[in-house]
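A structural walkthrough
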Amino acid sequence: MPTLDELAKAPTNLKDWFTSLGEHVAESRRVIEELSKDDPPTEPFRSRYAGRNMLKSALERAQTFNPSTDQETSRVRLAQATIYYYLGQVSSEVEEPQEASKSFTSCLEVLGLEPVLKYNISLRLQVHNLLATVWSGRGEHKKAFELLEKAKELHAGYVHSKEPPPHAIDEVFMDEEFSSEERNVMFEKLYTNTLFYLAQVYGVNGDNKQAAAHCHITLQRQLESDDFDPLDWSLNCATLSQYYLTLGNYRSARHTLSSASSVISTVEEAGSDGEEEGEGEGESKKEKIKKTRADIERCWVKYCVNLMKESVTNKEESDVSDKVNPITEVKNTFDEEEKEAAEKKEKSTDCDSALIPLL
């Protein structure tokens, strides 16, 4: 691994320059993602701060390189935008939303100098997602909604363009490329996150119908891609059933609860895997499984209680209907007989009129 002094020497050749810059960025991220695990409780963000400073240094290098062609300009801009994205990420992690917002906004400004292409669409989509979460965390839900709607437009526009799966965000600094299948999986995962964040914003805004719809789609996409946390997924699925209960949609409520129970059951069956983990970690996982199972069972109880109440209500309405129908039928019969009697009265003699039944 080269030293930071060696990394600071930027080669004039674009390929070599990118290799050197990539090593600089990779070392920064290693400090942020790996060394931070050993940070003391008294300085929980020590490594993240150090890694962020290294990323700032990498950004300065990216801003001082003078490309000679339009193609080089586009690639350098993409490198700058990606570093801004990494800076925004770490600022969010160290709980500095204002700094995160600045970095994400700068990323979009740099990307705005380039057309939407397969090289940058994934980064655009992800930054819209993360900037929306920053604004939502600050109570600016309207701005968050606008950013997420823009993310939806970006995804839809690229999908409809029939272009091949776009490059992954990290590929700008990689020597090797991902396969088309891998790229597509990562791109669609970003869009799944968009739908998940939209569900949350709709919920905060009180639009429960749209919140439930986006939550349903998110859960479905996660299940189809087999990329989800089974405990979180099953609990979210059970929670969604409670919305369907408020609508009296017992079929959907039962379906989501059954799905939640099925997934949590697979986790319980594989519970023995926890024995391979550390004792404390294994116990913590078991407790979380138990809690999730209990939450799902409570949702089942609420489903059953509501279903029984609905059945009682329907039975009472049916009983009332059964009592009303004969009376209605008798009244209709009397009306018919009265009508017939009136007709006979018009045609009959005075003697015949004495024989008309009294009603």
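Structure: above.
Here we summarise the structure given alongside this text.

About the thresholds
- Residues numbered from 1 in each chain as written.
- Predicted model: local features only at pLDDT ≥ 70, side-chain atom pairs only at ≥ 80, totals over all residues.
- Heavy atoms only, no water.
- Patch = residues over 30% accessible without salt bridge, like charges linked within 9 Å, V, L, I, M, F, W, Y side chains within 5 Å.
- Areas by Shrake-Rupley, 256 points an atom, 1.4 Å probe, with all protein chains shown as cover.
- Salt bridge = Lys/Arg side-chain N within 4 Å of Asp/Glu carboxyl O.
- Helix = DSSP H or I, 4+ residues; strand = E, 2+ residues; numbered from the N terminus.
- Expected span 1.5 Å × (residues − 1).
- Buried < 20%, exposed > 50% of the residue type's maximum accessible area, 1.4 Å probe, protein only.
- Phe/Tyr/Trp six-rings, centres within 6.5 Å; stacked < 30°, edge-to-face > 60°.
- Lys NZ or Arg CZ within 6 Å of the ring centre and 35° of its normal.
- Contact = heavy atoms within 4.5 Å.
- Axes fitted to C-alpha atoms, helices over the stretch in contact; angles between N-to-C directions.
- Parallel < 35°, antiparallel > 145°, perpendicular 65-115°, else oblique.
- Left-handed = near helix turned anticlockwise from the far one by under 90°.
- Nonpolar A, V, L, I, M, F, W, Y, C, P; charged D, E, K, R; others polar.
- Core = buried A, V, L, I, M, F, W, Y, C linked by side-chain atoms within 4.5 Å.

**Overview of a nonpolar patch on the surface**
On the surface, Val301, Val305 and Met308 cluster together into a nonpolar patch covering about 270 Å² of accessible area. Inspection of the secondary structure puts Val305 in helix α12 (residues 279-347).

**Things to note about helix α3 (residues 46-64)**
Taking 1.5 Å of rise per residue, the 19 residues of α3 would be expected to cover 27 Å, and the 28 Å separating its terminal C-alpha atoms lies within 8% of that figure. Looking only at α3, the buried set comprises Ser47, Gly51, Arg52, Met54, Leu55, Ala58, Leu59, Arg61 and Ala62.

**Observations concerning the packing of aromatic side chains**
Applying the stated rule across the entire model yields 12 aromatic pairs. Ring-pair connections join several aromatic residues into one group, and the members of that group are Trp17, Phe18, Phe65 and Phe173. For Arg75, the ring lying beneath its charged end belongs to Phe18, and the centroid distance is 3.9 Å. Of note, Lys143 hangs over the ring of Trp135, and the distance from its end group to the ring centre comes to 4.1 Å.

**Here we look at unusual backbone geometry**
In the Ramachandran plot, Lys162 falls in the positive-phi region, its phi being about 65 degrees despite a non-glycine side chain. Its place among the elements puts Lys162 in the loop between α7 (141-160) and α8 (180-204). The phi dihedral of Asp226 is positive, around 55 degrees, even though this residue is not glycine. Note on placement: Asp226 falls in the loop between α9 (208-225) and α10 (230-246).

**Focus: the pattern of salt bridges**
A full pass over the atoms with the stated rule returns 16 salt bridges. Glu114 is the salt-bridge partner of Arg77, the closest N and O atoms lying 2.6 Å from each other. In this pair, Arg77 is assigned in helix α4 (residues 70-93) and Glu114 in the loop between α5 (97-111) and α6 (121-137), connecting sequence segments 37 residues apart. The class of Arg77 is partly exposed, set by a relative accessible area of 25%. Given the relative accessible area of 14%, Glu114 is considered buried. Salt-bridge contacts for Glu171 lead to Arg183; the nearest nitrogen and oxygen are separated by 2.9 Å.

**Details of the environment of Gly51**
If you trace the backbone, Gly51 turns up in helix α3. Residues Gly51 and Arg30, spaced 21 residues apart in sequence, show a C-alpha to C-alpha distance of 7.9 Å. Not counting chain neighbours up to four residues away, the residues in contact with Gly51 comprise Ser28, Val31 and Ile32.

**Focus: the packing of α6 against α7**
In the contact formed by α6 and α7, the axes pass within 8 Å of each other and the chain directions differ by 165 degrees. In terms of their interaxial angle, α6 and α7 are classed as roughly antiparallel. Seen along the crossing, α6 lies across α7 with a hand that is left-handed. Residues Ile121, Arg124, Leu125, His128, Asn129, Leu131, Ala132, Trp135 and Ser136 of α6 touch α7, and the partners they reach there are His141, Lys143, Ala144, Leu147, Leu148, Lys150, Ala151, Leu154 and Tyr158. Residues that form the contact of α6 with α7 fall into these classes: 11 nonpolar, 4 polar and 3 charged.

**A short note on the nonpolar core**
Counting 44 residues, the largest nonpolar core has Leu21, Ile83, Tyr85, Leu123 and Phe173 as the members making the most contacts within it. The residues touching Phe173, leaving out its near neighbours within four places in the chain, are Phe18, Leu21, Gly22, Val25, Ala79, Thr82, Ile83 and Tyr86. Among the nonpolar cores identified, the runner-up in size contains 21 residues, and Trp233, Ala238, Ile264 and Tyr303 belong to it.

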